[in-house]
Protein chains: 2
Amino acid sequence: MNLLYDEQLDGELPAVDREALIDDLKQALPELEVLHKREDLQPYECDGLSAYRTLPMLVVLPETLEQVQTLMKICNQRKVPVVARGAGTGLSGGALPLEKGVLLVMARFNRILEVNPEGRFARVQPGVRNLAISEAAAPHKLYYAPDPSSQIACSIGGNVAENAGGVHCLKYGLTVHNVMKVEIITVEGERMTLGADSLDAPGFDLLALFMGSEGMLGIVVEVTVKLLPAPQVAKVLMASFDDVGKAGQAVGDIISAGIIPGGLEMMDNLAIRAAEDFIHAGYPVDAEAILLCELDGVEADVHAECDRVKAVLEKSGATEISLAKDDEERKRFWAGRKNAFPAVGRISPDYYCMDGTIPRRELPGVLQGIADLSKEYGLRVANVFHAGDGNMHPLILFDANQEGELERAEALGGKILELCVAVGGSITGEHGVGREKINQMCSQFNDDELETFHAVKAAFDPDRLLNPGKNIPTLHRCAEFGAMHIHNGELPFPELERF
Amino acid sequence: MNLLYDEQLDGELPAVDREALIDDLKQALPELEVLHKREDLQPYECDGLSAYRTLPMLVVLPETLEQVQTLMKICNQRKVPVVARGAGTGLSGGALPLEKGVLLVMARFNRILEVNPEGRFARVQPGVRNLAISEAAAPHKLYYAPDPSSQIACSIGGNVAENAGGVHCLKYGLTVHNVMKVEIITVEGERMTLGADSLDAPGFDLLALFMGSEGMLGIVVEVTVKLLPAPQVAKVLMASFDDVGKAGQAVGDIISAGIIPGGLEMMDNLAIRAAEDFIHAGYPVDAEAILLCELDGVEADVHAECDRVKAVLEKSGATEISLAKDDEERKRFWAGRKNAFPAVGRISPDYYCMDGTIPRRELPGVLQGIADLSKEYGLRVANVFHAGDGNMHPLILFDANQEGELERAEALGGKILELCVAVGGSITGEHGVGREKINQMCSQFNDDELETFHAVKAAFDPDRLLNPGKNIPTLHRCAEFGAMHIHNGELPFPELERF
């Protein structure tokens with residue numbers, strides 16, 4: 001499948017003298033590994049969003065900070081665009097290469113420089129895998145909180161670029177809440193430190209600005225992350241519902257009761273059945289929806305909170321509530337959830353994974369809206385998502401071999417994102433904008449807002465050499481895309497009732 | 001006293017036709033209250049940092065969003081600088097007016113627009129007092145976490161401008177961690193929304209960038225804050241030490257043990273005696289230092305944590321540990337801390353309150369460094385501060401009527417801030433840069449970093465009309481100030497040992 005792809009951008013970029021650039025690099029950086037043969041470039045033609053593919057002009061694999069500086073100076077001088085790439089697990093095409101640009105692979109920056117238990121931080125290079133940080137901190141009973149599903153493979157530099165989340169970000173926050181400092185190389189090849197070792201830094205908060213900026217403001221060469229104490233115990237409750245809306249309402253009820261679970265996930269019937277068939281997690285296949293609610297902390301506290309959550313769930317109309325009786329059952333409950341995407345892949349030739357965020361209170365209405373749209377477009381949608389923070393991942397099931405289904409899936413996906421924006425949400429939760437959602441940014445933001453983004457971008461990168469064509473669309477592109485800007489709270493679907 | 005003040009800035013600003021501006025305002029905004037007589041302007045000549053005073057050219061008190069928009073359009077057209085002001089309780093001169101500028105007082109934007117218990121947020125106008133938000137949320141057992149000492153008077157708009165903290169920010173974060181969305185008016189008079197109702201917003205994180213930007217990027221007209229469930233119980237432990245360094249070390253030990261107290265405050269002997277003499281809080285006047293450690297949460301949890309903190313304190317060498325036996329004693333313990341500044345004011349004709357932040361682990365060494373500097377300069381320094389997050393408030397005691405003491409106090413203050421920067425800290429924790437610390441910014445940041453700040457500022461305000469002369473020094477100013485940039489970890493005091 002090849003969703004939404006367009007060749008527009010590469011065409012807009014200025015011509016680059018590839019051979020002269022290679023000569024410059026060879027002369028200034030004889031030790032730098034540069035890939036330029038077609039067969040060497042092929043492995044880098046896409047990231048985790050495999051629907052989009054472009055062969056990079058060149059791939060470079062630096063090992064030292066000085067190499068990155070020199071590389072940036074040369075590219076800046078020759079006005080060659082640079083796309084930085086971590087582990088390449090991103091789901092929005094943020095690290096998609098350019099035919100007229102250098103792909104800067106940071107995989108060899110893979111050292112853990114310091115684990116400091118007293119200061120509760122770790123200093124790592126950007127190519128270090130997310131999970132490796134927690135593994136290195138484990139002897140001190142500490143861990144790094146953000147846990148994207150790809151954490152075994154994804155790198156911390158990519159997490160910074162996409163402001164990655166995970167199952168536990170409801171309680172422990174996104175990457176932006178768990179990073180203290182980054183060292184970057186600017187487009188001019190200068191070193192710069194954003195953030196500080198102490199709680200707050202004066203001046204503008206450029207650290208937060210950098211989080212989620214998708215490689216458009218600079219190249220990360222070092223990250224200082226916060227480490228948290230590992231929770232003593234974790235318990236998981238599973239609640240069944242005979243109605244999706246009631247489950248959505250229960251999410252709000254739990255939070256309103258003053259409880260912040262470690263994780264609060266929801267699956268609807270289609271997802272439940274697919275996961276159960278695949279994993280045998282012990283899910284109730286007749287339920288219209290289930291909630292998985294993890295509570296973590298110290299023993300006494302978790303025990304008391306379990307009782308409180310149970311009471312809320314009963315009041316919200318749960319038809320059955322069970323507490324995972326031991327750690328083995330707890331892990332089985334999670335295994336079903338974590339494998340829900342591949343499980344859905346078993347029951348449909350193709351699926352399209354969406355990533356929209358909405359205010360929690362809008363869950364019941366938006367779930368109904370998705371159900372209505374699903375009927376209208378004649379395509380099944382499985383819902384499995386981070387309910388606690390309103391981060392939805394509707395999976396649209398389709399068969400690309402059936403004429404028109406791909407186009408209907410795209411159109412339905414677009415409508416779902418517009419619905420998210422209309423209720424005050426956004427077109428992406430944790431996967432980023434990248435290349436995939438760039439047109440949807442035209443729905444999310446108006447021209448004034450996009451112009452401000454461009455002005456901020458220009459403060460770091462006036463010639464737009466860093467990852468051009470991602471994250472922030474040009475006004476020209478939005479005009480061509482023809483999207484009507486949707487104001488928050490303004491419903492684009494007259495046929496749907498206001499929730 | 002009149003510390004560090006200089007007239008340089010107003011002299012640099014272009015001339016403004018005051019009468020023409022008044023005419024414009026009268027014509028376009030006949031309802032807008034405009035103050036222009038000297039006696040009406042006088043109450044606005046300073047904020048909480050009363051050492052700096054300037055009479056504003058004009059004061060305006062708008063009541064509607066449309067008035068702010070029109071005002072900004074007129075000022076932008078005439079290129080008149082605008083300084084926004086909340087309650088005027090700021091301690092760094094961030095709302096100091098300009099002789100050639102309009103002071104925009106937001107006090108009449110004082111309505112709480114919405115308290116939403118299910119969504120756990122409140123939507124308020126910028127002139128609403130910090131404490132009023134918690135009062136409005138109290139019926140739902142919710143509260144707004146950041147609690148600067150001035151919370152009874154300071155406004156949320158000012159909190160946003162300075163990214164305010166408070167006693168509880170160790171556990172619950174600064175303003176930036178507790179705000180979801182702001183509505184602003186740009187320098188061109190356009191409305192813009194930063195942030196979102198949902199967890200994360202795509203594009204650059206302009207919301208975080210705006211927090212602490214000291215009125216230099218836009219005018220806040222609405223703030224959506226997060227509300228947290230009020231803790232069930234709170235307990236306070238007081239620990240005495242016969243050595244300041246040991247108390248500093250104990251702070252790190254508590255955090256390393258995986259405990260995040262609601263508040264963790266430290267006072268040294270001079271501060272203890274002054275506070276005890278004033279408040280009779282029951283402090284041990286012979287102790288070289290005390291720590292106050294508040295633990296909050298659910299009953300069972302707090303009980304268990306108290307035991308763990310006690311064990312850590314004993315191991316760290318506390319000579320005495322007492323638990324406030326009831327809520328009355330707990331409040332008395334805090335009353336001593338909260339009145340420590342005025343208490344010190346009783347034992348010295350003048351004092352100069354510093355606000356530097358350091359990595360927690362550097363506390364013992366920096367306290368020793370301050371003691372050494374205190375001897376060298378022949379001035380007493382009382383230490384009373386947010387130890388848990390490394391936010392120090394050394395109070396330099398002096399007598400402005402003794403020749404040379406004021407200058408020595410200034411010089412000592414400068415050295416203390418340089419020491420903070422040298423160990424990886426910063427020149428301000430929660431009070432902001434404003435006018436007061438603008439020269440110290442030249443020590444904190446190098447030219448490249450300052451240029452990036454200016455470029456970001458220009459993205460919002462190309463003509464530098466919003467609060468000019470605060471927060472970010474010009475390179476020209478830094479060159480005149482003659483500060484040597486101090487790299488983190490590079491010690492500016494050869495006479496001090498590396499900690």
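Rules behind the numbers
Residues numbered from 1 in each chain as written. Chains lettered and ligands numbered in written order. Predicted model: local features only at pLDDT ≥ 70, side-chain atom pairs only at ≥ 80, totals over all residues. Heavy atoms only, no water. UniProt positions renumbered as here; feature names shortened; annotations may be inferred. Helix = DSSP H or I, 4+ residues; strand = E, 2+ residues; numbered from the N terminus. Rg over C-alpha atoms; globule rule 2.2 N^0.38 Å. Buried < 20%, exposed > 50% of the residue type's maximum accessible area, 1.4 Å probe, protein only. Contact = heavy atoms within 4.5 Å. Areas by Shrake-Rupley, 256 points an atom, 1.4 Å probe, with all protein chains shown as cover. Lys, Arg positive; Asp, Glu negative; His and termini not counted. Charge placed at Lys NZ, Arg CZ, Asp CG, Glu CD. Pairing = 2+ DSSP bridges. Axes fitted to C-alpha atoms, helices over the stretch in contact; angles between N-to-C directions. Salt bridge = Lys/Arg side-chain N within 4 Å of Asp/Glu carboxyl O. Polar contact = N/O pair within 3.5 Å; in protein donor to acceptor, adjacent residues only side chain to side chain. Phe/Tyr/Trp six-rings, centres within 6.5 Å; stacked < 30°, edge-to-face > 60°. Least-squares fit on C-alpha atoms with pLDDT ≥ 70 in both. Buried area = accessible area lost by both parts, 1.4 Å probe. Nonpolar A, V, L, I, M, F, W, Y, C, P; charged D, E, K, R; others polar. Disulfide = S-S within 2.5 Å.

Chain A appears in an unreviewed UniProt entry as Glycolate oxidase from Marinospirillum celere. The annotation that UniProt attaches to chain A under Cofactor (unreviewed entry) is "FAD".

Within chain A one finds 18 helices and 20 strands. Computed over its C-alpha atoms, the radius of gyration of chain A comes to 23 Å, within 12% of the 23 Å expected for a compact globule of 499 residues. Considering only C-alpha atoms, chain A reaches an extent of 70 × 55 × 45 Å along its principal axes. For chain A, the residues scored as buried account for 62% of the 499 residues in total. Partitioning the contacts of chain A with sequence separation of at least 6, the portion at a separation of at least 24 is 73%. Working note: accessible area of chain A is about 18300 Å², and carbon and sulfur atoms make up 48% of it. Side chains of chain A give 46 positive and 75 negative charges; the mean places of these two sets differ by 4 Å.

For the rest of this paragraph, the subject is the pairing of strand E13 (residues 263-268) of chain B. Residues and elements named next belong to chain B. Summarising burial for E13: 6 of the 6 residues are buried, a large majority. What you see with E13 is no split at all: Gly263, Glu265 and Met267 on one side and Leu264, Met266 and Asp268 on the other are buried throughout. The pairing of E13 with strand E14 (residues 289-297) spans 6 bridges and is classified as antiparallel. The residue bridging Leu264 from the neighbouring strand is Cys293, located in E14. Where E13 lies against strand E18 (residues 381-385), 2 bridges are found, and the strand directions are antiparallel. Across the sheet, Met266 pairs through a bridge with Phe385, a residue of E18.

Further remarks concern the sheet that holds E13 of chain B. Residues and elements named next belong to chain B. Pairing is antiparallel in the open sheet, where 7 strands are placed in the order E15-E12-E14-E13-E18-E20-E16. Taken across any chain shown, the strands that pair with only one partner, and hence form the sheet edges, are strand E15 (320-323) and strand E16 (350-353). The mean angle between the axes of side-by-side strands here comes to 20°, regardless of whether they run parallel or antiparallel. Packing of helix H9 (residues 244-256) onto the sheet brings it into contact with strand E12 (233-241), E13 and E14, and relative to E13 it is tilted by some 175°.

For the rest of this paragraph, the subject is the pattern of salt bridges. Residue and element names in this part refer to chain A. Under the defined criterion, the tally for this structure stands at 40 salt bridges over all chains. Linking Asp242 and Lys246 is a salt bridge whose minimum nitrogen-to-oxygen distance equals 3.2 Å. Judged by its relative accessible area of 35%, Lys246 is partly exposed. Linking Asp277 and Arg346 is a salt bridge whose minimum nitrogen-to-oxygen distance equals 3.9 Å. Placement of Asp277 in helix H10 (residues 269-279) and of Arg346 in helix H13 (residues 340-347) is noted, with a sequence separation of 69 residues between them. Among the residues examined, Arg346 registers a relative accessible area of 48% and is labelled partly exposed. Put simply, Glu294, Asp327, Arg330 and Lys331 are held in one network by salt bridges that share partners.

Residues and elements named next belong to chain B. Buried residues of helix H2 (residues 18-28): Ala20, Leu21, Ile22 and Leu25, and no others. Against strand E1 (33-35), strand E2 (58-61), helix H4 (65-78) and strand E4 (102-105) lie the buried residues of H2. The N-terminus of H2 is capped by Asp17, whose side-chain oxygen sits 3.4 Å from the backbone nitrogen of Glu19.

Right, let's get into the packing of aromatic side chains. One pair of aromatic rings is described through two measures. These are the centre distance and the angle between the planes. Using the criterion set out here, one finds 6 aromatic pairs over all chains in the structure. Ring centres of Phe445 of chain A and Phe453 of chain A lie 5.0 Å apart, and the angle between their planes is 90°; on these two criteria the pair is classed as edge-to-face. A residue is classified by how much of its surface remains accessible, and Phe453 of chain A, at 3% relative accessible area, is buried. Ring pairing ties together the aromatic residues Phe204 of chain A together with Phe445 and Phe453 of chain B, which thus form one cluster.

Turning next to the relation of the copies chain B and chain A. Mapping chain B onto chain A leaves a residual RMSD of 0.1 Å; the transformation is a rotation of 180° accompanied by 0.0 Å of translation along its axis. The superposition of one copy onto the other is thereby described by a two-fold rotation axis. An overlap of 100% is found between the interface residues of chain B and their copies at the interface of chain A, pointing to a shared contact surface.

Tallying the contact residues gives 69 residues for chain B and 70 residues for chain A. For the pair chain B and chain A, the two sides together bury roughly 5600 Å², of which 62% comes from carbon and sulfur. The three residues of chain B that bury the most area against chain A are Glu118, Pro202 and Phe204 of chain B, which together make up 15% of that side's buried surface. Between the two partners, chain B and chain A, sit 0 salt bridges. Put simply, chain B and chain A have 4 residue pairs in polar contact (both at pLDDT 80 or more) between them. Residue assignment for the side of chain B that touches chain A shows that the elements contributing at least two residues are strand E9 (191-195), helix H8 (206-210), H9, helix H11 (299-315), helix H16 (441-444) and helix H17 (447-460) of chain B. Residue classes in the side of chain B that touches chain A are distributed as 32 nonpolar, 23 polar and 14 charged.

Residue and element names in this part refer to chain A. Most of strand E20 (residues 394-398) is tucked away, with 5 of its 5 residues classed as buried. Side chains of E20 alternate between two faces, with Pro394, Ile396 and Phe398 and Leu395 and Leu397 buried alike. Sheet topology places strand E16 (residues 350-353) next to E20; 4 bridges connect them, and they run antiparallel. The residue bridging Asp350 from the neighbouring strand is Phe398, located in E20.

Residue and element names in this part refer to chain A. Applying the stated criterion across every chain yields a total of 2 disulfides over all chains. Through a disulfide, Cys442 is tied to Cys478; the S-S separation comes to 2.0 Å. Where Cys442 bonds to Cys478 through sulfur, the torsion about that S-S bond is close to -85°, and the disulfide is left-handed. Of this pair, Cys442 sits in helix H16 (residues 441-444) while Cys478 sits in helix H18 (residues 475-481); the two residues are 36 residues apart in sequence, bridging distant segments of the chain. Cys46 carries a free sulfur, and the closest cysteine sulfur to it, the one in Cys353, is 16 Å from it.

On to unusual backbone geometry. Not every positive phi belongs to a glycine, and Lys141 of chain A is a case in point at roughly 55°. You can see Lys141 of chain A is positioned in the loop between helix H5 (130-137) and strand E7 (142-143). For Lys141 of chain A, a relative accessible area of 65% puts it in the exposed group. Phi is positive for Lys79 of chain B, which is not a glycine, with a value near 55°. Position of Lys79 of chain B among the secondary structure elements: in the loop between H4 and strand E3 (82-85). According to the relative accessible area criterion, Lys79 of chain B is partly exposed, its value standing at 37%.

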